[in-house]
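Listed below are the residues making up each chain.
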Amino acid sequence: MTKRKSFVAALVLALLCFPPQWYPLPLRLQLTTWFGAADYRDLPASLPPGIDNAEEYCPPDPQGWRDPQTIEGVEIDASAACVADNPFAVATFVRGTNNVDSATLLKSGLTADAVEKGRDLDGDGDPDEIHIRLEVAELNGGSAVVSGPVTQYQIAPGIKPGMWVFAPKFVGMAVENFATNQARRSLRLPSPAIRVEQGDRVRITLENTHYMPHTLHLHGADHGFVDSSGEGNDGVPLTSETAVMPGDARSYELNPRQAGTMFYHCHVQPHVHVMMGLQGLFIIEENRPDNWLQTMNLGAGLVRVPSRRSQENFDREYDLHYLDLDKELSERIQRDNDPRLITRSMHREYDITDSQPDYFTLNGRSFPYTFRESLVVGEENERIKLRVVNGGGKGIALHTHGHKFTVTDRDGVRLPENSRTPQDVLWLATTQRADLALELVNDGLHAYGPGIWLFHDHQYKGITNDGIGPGGNIGAIVYSQYMSGTGWPETRGVSWDQYFTAAYYRKEIPVWEHYAPGLFSDTGTDWWMLLRILGLALALGILVAIPIGTVFRRR
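Residues numbered from 1 in each chain as written. Predicted model: local features only at pLDDT ≥ 70, side-chain atom pairs only at ≥ 80, totals over all residues. Heavy atoms only, no water.

Digging into the nonpolar core
Ranked by size, the top nonpolar core spans 103 residues in total, and within it Leu134, Phe166, Ile204, Phe282, Met346, Leu386 and Leu436 carry the most contacts. Of all the elements, strand E4 (residues 129–139) adds the most residues to this core, at six residues. Counting residues in hydrophobic clusters, the runner-up holds seven residues, among them Ile71, Val74, Val90 and Ala91. (Core = buried A, V, L, I, M, F, W, Y, C linked by side-chain atoms within 4.5 Å. Buried < 20%, exposed > 50% of the residue type's maximum accessible area, 1.4 Å probe, protein only. Helix = DSSP H or I, 4+ residues; strand = E, 2+ residues; numbered from the N terminus.)

As C-alpha cells, this is what we get:
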C-alpha cells in the first residue's frame, strides 16, 4: 500500500512540476479554454556582459621600432601599424648577417650565418651570392613538463592552435625569457617571406631542428631538378631526394632567371606539413643596380626596404599571406610529447578528406590582432603593391571595400596590359599568387575616398574564429588621416573591448551586447523553471525506482 501511495504521490508531483511550456500546443489551447490564460510572469533579468580585462588594443612601442630610421646605411621606412618588425633585423636581412657590426647583429637576434651575402658577380653594386639558413620551429606544442602549450603564439585572444613554421636562425631561446612560455616576437606564423634577385646564386640550407623529417620545395621558382653536385634539388621525397631527417641539414640551390611572386613549402606529407604552417612567400625581384633586398620579411606585411623596381613603380609594398588551420589537426601536437604517437596521430589517424578549417589568418593572425600589424596604410593618390598568396586548403574570395584593385601578375607571370581591369573580388585557389596594384585615387572607380575600408575573404567562414565573428582574416585599407599616433585606426563604430577578450571567442559574451546593453544580453536563471525541473526529475526518479526496486526484491 505504501508503494502505491508513493507511486501516486510521485505521479502527481510530476504532473504539477511538468512545465506548461512543454505541453503540446493543442493541449495548451484546451487548458486555456477550460481554466483561462496563465498569469503573466516577468522574464528573467538580463545579465551584465562580463567584459573584464580587455587587452590593450595596441601594445606600446617603447623602443621606437615603428619610426623611420637608418641602420647600417639602410633606410628603413616607417611602419604605421602599431606592431612593427625589429628594424635591426630588417637592416641585417638587407646587408647580410656577415656584413653588419656585432652590435647590430646582437640587436637583430640573428646568428652570424643566418643570411650571408657574398660577391657582386655582375658588378652592379649589390651582392649576388646569397646563403639563407632556415630552421623548423613548433608553436603551441605540448609538453610533458608544463601544463598547456609551450612556445605560445596567439593568433587571436586566447586562441593558440598548434603549428610549425620555417624560421631564420636566432640566437638564444625560442621564448621571450625564462619567466614566460611566450614565443619570442620574431618567431611566428607565417614562415618568412623570402626575397632574392633575378640571377642571384642562391643556396637555402634547411637545418632540421624538428622531430619529423622535412624538405624544402621551391614552388614556381626556377631551379634545377638536381644541384651542382648531382643531388636531388626539388624537395620531393617521392622523386627527388630523401627527406632531411631530425638533426640533419641539406642545401637547395637555384639561380632564378624569371622574376615573380612564388612560394615555398615542405613536401614531406604535404597534406599535413604544409597545412601546419610550413610555407611562405618566395619572391624573385627584377635585377636592378644597387638592389639591396630585404631578404626576409618576418610575418609578411609591410616591406620596410622595398626593391628598386618597387620604388620605381609604387609608393609602398605589402606581402599578404592567407592561411586556414584545422583545429582537429593542430591539436594533435598538443596531446602527446612522444614523436611516435604524434606521427601516428597526424599521418595515419588524421583524415584530411574529412577536415574543416576553423581558423583563418592573414599574416599569421586573426581578427582583431590583424589590425595590430596587417593594415594597408597609405595616402591619397598613392600606388600600393600587394603580393598575395593563398596558403590555405580552401579558395578565398578576396574583397576590398571602397576600392578596386588591378591584378598585374598571376603565379609569377606578368599579365598583358589589355587583360587587366579593375575589380573588387579576386578568387585565389590553394597556393595561387597574385600581384595587385591598389591605387588610392578618389575617382569613384579605383577608390571612393579616405576612410577605414575593410578587405577580407568574402566566403563567410573566413571572417570568423572557429565560427564566432568578427574574426578570421579581416584586414583594412586605412588612410593616414584615420590613423592615430599610436598606430591604431580611429574607428567610428562600436567598442572593440569584447573582441579583445578570450571569453568572446569562447562564446561566453553576447555578440550584440555593446550595440544595445540589456536588449541582446544573456538572461539570468529562471529559478521557478529550475525548481519545476528539479521537482520533475525527483518525481521521475521515484517513478522509475519503485518498479525496479520491486523486481530486485522479488529476485
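Structural notes on the pairing of strand E11 (residues 279–285)
With seven of seven residues buried, E11 lies mostly within the body of the structure. As defined by bridge partners, strand E6 (residues 193–197) adjoins E11 across four bridges and the pair is classed as parallel. Residue pairing for E11: Val196 is matched across the bridge by Ile284. (Pairing = 2+ DSSP bridges.)

Things to note about the sheet that holds strand E16 (residues 376–378)
Strand order in this open sheet of five strands is E16-E25-E24-E18-E22, and the pairing throughout is mixed. Single-partner strands in this sheet number two, and they are E16 and strand E22 (425–428). The average undirected angle you get between the axes of adjacent strands in this sheet is 15°. The pairing of strand E18 (residues 396–400) with E22 spans four bridges and is classified as antiparallel. Of the residues in E22, the one forming a bridge with Ile396 is Leu428. (Axes fitted to C-alpha atoms, helices over the stretch in contact; angles between N-to-C directions.)

Remarks on unusual backbone geometry
With an omega of -5°, the peptide bond running from Leu189 to Pro190 counts as cis. By the element assignment, Pro190 lies in the loop between strand E5 (163–168) and E6. Residue Pro470 is reached from Gly469 by a cis peptide bond, and omega for that bond is -5°. Even without being glycine, Asn363 reaches a positive phi, approximately 50°. Take Asn363: it is sitting in the loop between strand E15 (359–362) and helix H10 (370–373).

A closer look at the domain arrangement of the protein chain
Looking at the assigned domains, one finds that the protein chain contains domain 1 (3–42 + 536–551), domain 2 (113–346) and domain 3 (370–493). Of note, the centres of domain 2 and domain 3, computed from C-alpha atoms alone, are 24 Å apart. Counting residues at the interface gives 31 residues for domain 2, matched by 32 residues for domain 3. In total, domain 2 and domain 3 occlude about 2800 Å² of area from one another, counting both sides; carbon and sulfur atoms represent 51% of this. When residues of domain 2 are sorted by the area they lose upon contact with domain 3, Arg316, Tyr318 and Tyr322 head the list and together hold 29% of the total. For the pair domain 2 and domain 3, the number of links is six salt bridges. (Domains from an automatic or database assignment. Contact = heavy atoms within 4.5 Å. Buried area = accessible area lost by both parts, 1.4 Å probe. Salt bridge = Lys/Arg side-chain N within 4 Å of Asp/Glu carboxyl O.)

A short note on the environment of Glu207
Structurally, Glu207 is set in strand E7 (residues 201–207). If near-sequence neighbours (up to four positions away) are discounted, Glu207 is found in contact with Arg133, Leu134, Glu135, Val136, Lys169, Asp248 and Ala249. A distance of 3.2 Å separates the side chain of Glu207 from the side chain of Lys169, its partner in a polar contact. (Polar contact = N/O pair within 3.5 Å; in protein donor to acceptor, adjacent residues only side chain to side chain.)

Observations regarding the sheet that holds E11
Strand order across the open sheet formed by five strands is E8-E10-E11-E6-E12, with mixed pairing between neighbours. Two strands close off the open sheet at either side, each with one partner strand: strand E8 (217–219) and strand E12 (296–297). With two bridges joining them, E6 and E12 adopt antiparallel strand pairing. Paired with Ala193 across the bridge in E12 is Asn297.

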